[in-house]
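Summary of structural features
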Amino acid sequence: MLCSEVELSDLDARHWKNWWRLLVPPRVLEPTTWALAILDRGTLVHLILRGQGARELVPLPGPDLGARTLAAYARTLGVAAVIVVERRLIAALSAEIEAALTLDQDLVAQGLIVLRALKRHVGHGVWTEPALLELLPTPGYEAVQRTFDLLVPDRSAMLAYVIDDDRRAIHASAIAVKSGGDIVRASSHRAIADLVPEAEVARDWDRSYRRVLEAVEHRFARPSIALFAERATVLRVLTGPTDQLARELNAKRVVIDPAPAWLLGLLGGAAVAALAGRAASAIAGMLPQSTRERASAIASRARDAIKDSGAHPFALLGFDPIELWSRVKHYYQP
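As a starting point, this report considers the structure included with it. Nothing here was measured: the structure is a model prediction, and the numbers come from that model. (Residues numbered from 1 in each chain as written. Predicted model: local features only at pLDDT ≥ 70, side-chain atom pairs only at ≥ 80, totals over all residues. Heavy atoms only, no water.)

Here we look at the nonpolar core
In this structure, Leu159, Tyr161, Ile192, Val212, Val216, Phe220 and Phe228 are the most contacted members of the largest nonpolar core, which totals 23 residues. Only strand E7 (156-163), strand E8 (170-179), helix H8 (198-203), helix H9 (205-219) and strand E10 (223-230) provide two or more residues apiece to this core. Once residues within four sequence positions are removed from consideration, Phe228 is found in contact with Leu159, Tyr161, Trp205, Tyr209, Val212, Leu213, Arg253, Val254, Val255 and Asp257. The next biggest cluster of nonpolar side chains, apart from the first, holds 17 residues, and it includes Ala35, Leu49, Ala74 and Val84. (Core = buried A, V, L, I, M, F, W, Y, C linked by side-chain atoms within 4.5 Å. Buried < 20%, exposed > 50% of the residue type's maximum accessible area, 1.4 Å probe, protein only. Helix = DSSP H or I, 4+ residues; strand = E, 2+ residues; numbered from the N terminus. Contact = heavy atoms within 4.5 Å.)

Dropping the structure here:
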C-alpha cells in the first residue's frame, strides 16, 4: 500500500505544513496539550507535559482510571489529553512489537501491528483520555490492501487541492501515484507549477482545475480521483454533519472530478445530483423539483442497499470509516 522506497519530489513545505494544521485536531496543535503519566504498580512516579518536560507530581484523583477520572485529571493539569502507562508494560510492549515487525513489511502493516499491540493493553497498563485507542479499529493489513486496490485503480494518480479562501494561493496540495498496489510517488503542486502557475489555479480554481488534471496526467499518471475545495469549505466538511460533503458538492463549493462510482454511491443522492448537474445542467433544469427529489431518494436507498448487501466499498475492512469519522470529528471542534 505504501512503498518503502516511495519517491518524494517537489514537496512544498508550506503546503505540507498547512495539511498538518488542517488534518490534526486543533487541541493537538496547542502548546502543552497533553500529559504522560508513568505508574509503578499503580503509583505515579513520573509526569511529563508536552512543551514543559518533567514536572512536579500531581496525584491522580483516585485508583479508578476510567474516563471520568482521567478527564478530571486533565482539567487539573490544564491539558487536553492524558496518557497513563504502567512502567512494567513499556519494556514488554516494546518486545512484543519488535518481535512482530520485519524489515520487509509495508509501513501501513507496521503501523497496524503497533496499534493492535496498544489496544490489547487498553485498561490493563495503558489508559488514555480521550479514549481514542478504544475507538480506532485494527483491520488486518490484507483487508486494507484489498480495499485500497478495489477503490483506487493501479497506474493512476490521486490528488487533493485546498485553496486559500481569498483565492490568492493554493493552501495545500498533494499528488500521489499508485503502481503495483503501492503508493510509489508523492509530490505537490510544485511539480507541475511550470505547466499551471499556482496563482492562476487559485484565482479561478473551480474552472482551472481541469488544467491541473491535464498537467498531472502529463507528468505523473491519469488521475482516478481528485478533490478541490477552499479552506473554509474543508473545515465545514470536517466538523459538520455526515452529509456536509454532499451539501457542499450540491452547492458547487467542492469539485470531485474524476469521481469514482463507489464515492458517488457513498455520498448519496445529493452528490449524484450535484455531479450529474454539472454534466447535464440543461436537462436537470427541465426536470421538476419533485422528480429530482424522487431521484435523490432512490439513490439514497440504493446506497443503503449496497451497504446492507455486503457490496459496500469498505466491507472488507469490517468497519465503516464514515461512521468512525462521525464518532471522532468532535475532536476537531476548536
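Re the environment of Tyr141
On the secondary structure map, Tyr141 appears in helix H7 (residues 141-151). Residues Tyr141 and Val108, 33 residues apart in the sequence, show an inter-C-alpha distance of 7.4 Å. Once residues within four sequence positions are removed from consideration, Tyr141 is found in contact with Met1, Asp106, Val108, Ala109 and Leu112. A polar contact of 3.2 Å, which involves the side chain of Tyr141, links it to the side chain of Asp106. (Polar contact = N/O pair within 3.5 Å; in protein donor to acceptor, adjacent residues only side chain to side chain.)

As for helix H10 (residues 231-239)
Buried within H10 are the following residues: Thr233, Val234 and Leu238. Looking straight down H10, one finds that the buried residues subtend no more than 135° of arc, so they occupy a single side. As for H10, its buried residues are in contact with helix H1 (13-23), E7, E10, helix H11 (244-250), strand E11 (254-256) and helix H16 (321-328). (Arc of directions from axis to C-beta.)

Focus: unusual backbone geometry
Cis geometry is found at the peptide bond from Glu129 to Pro130, where omega equals 5°. Residue placement: Pro130 occurs in the loop between strand E6 (126-129) and helix H6 (132-135). Between Asp257 and the following residue, Pro258, the backbone shows a cis peptide bond with an omega angle of 0°. Phi at Lys252 takes a positive value of approximately 65°, unusual for a residue other than glycine.

Here's the deal with the sheet that holds strand E1 (residues 2-8)
The strands making up a sheet are joined through hydrogen bonds of the backbone, oriented either antiparallel or parallel. Within the open sheet, the six strands sit side by side as E1-E9-E8-E7-E10-E11. Their pairing is mixed. Two strands close off the open sheet at either side, each with one partner strand: E1 and E11. Along the sheet, successive strands turn relative to each other by an average axial angle of 15°, direction set aside. Two strands pair when backbone bridges link them, and E1 and strand E9 (residues 182-187) are joined in this way by three bridges, in the parallel orientation. Its bridge partner being in E9, Glu7 is matched across the sheet by Arg185. (Pairing = 2+ DSSP bridges. Axes fitted to C-alpha atoms, helices over the stretch in contact; angles between N-to-C directions.)

Structural notes on the pairing of E9
Put simply, side chains in a regular strand alternate between the two faces of the sheet. Pairing between E8 and E9: five bridges, direction antiparallel. Considered in E9, the bridge of Ala176 is made with Ala186. In textbook terms, the turn of a hairpin is the stretch between consecutive antiparallel strands, and for E8 and E9 this stretch comprises two residues, one of which, Gly180, has a positive phi near 65°.

Remarks on the packing of aromatic side chains
Two numbers describe a pair of aromatic rings. These are the distance of the centres and the angle of the planes. Summed over the entire model, instances satisfying the criterion amount to three aromatic pairs. Judged by centre distance (5.3 Å) and plane angle (35°), the rings of Tyr161 and Phe228 are tilted. With Tyr161 in strand E7 and Phe228 in strand E10, this residue pair connects regions lying 67 residues apart in the sequence. You can call Tyr161 buried: its relative accessible area is 0%. Given the relative accessible area of 0%, Phe228 is considered buried. (Phe/Tyr/Trp six-rings, centres within 6.5 Å; stacked < 30°, edge-to-face > 60°.)

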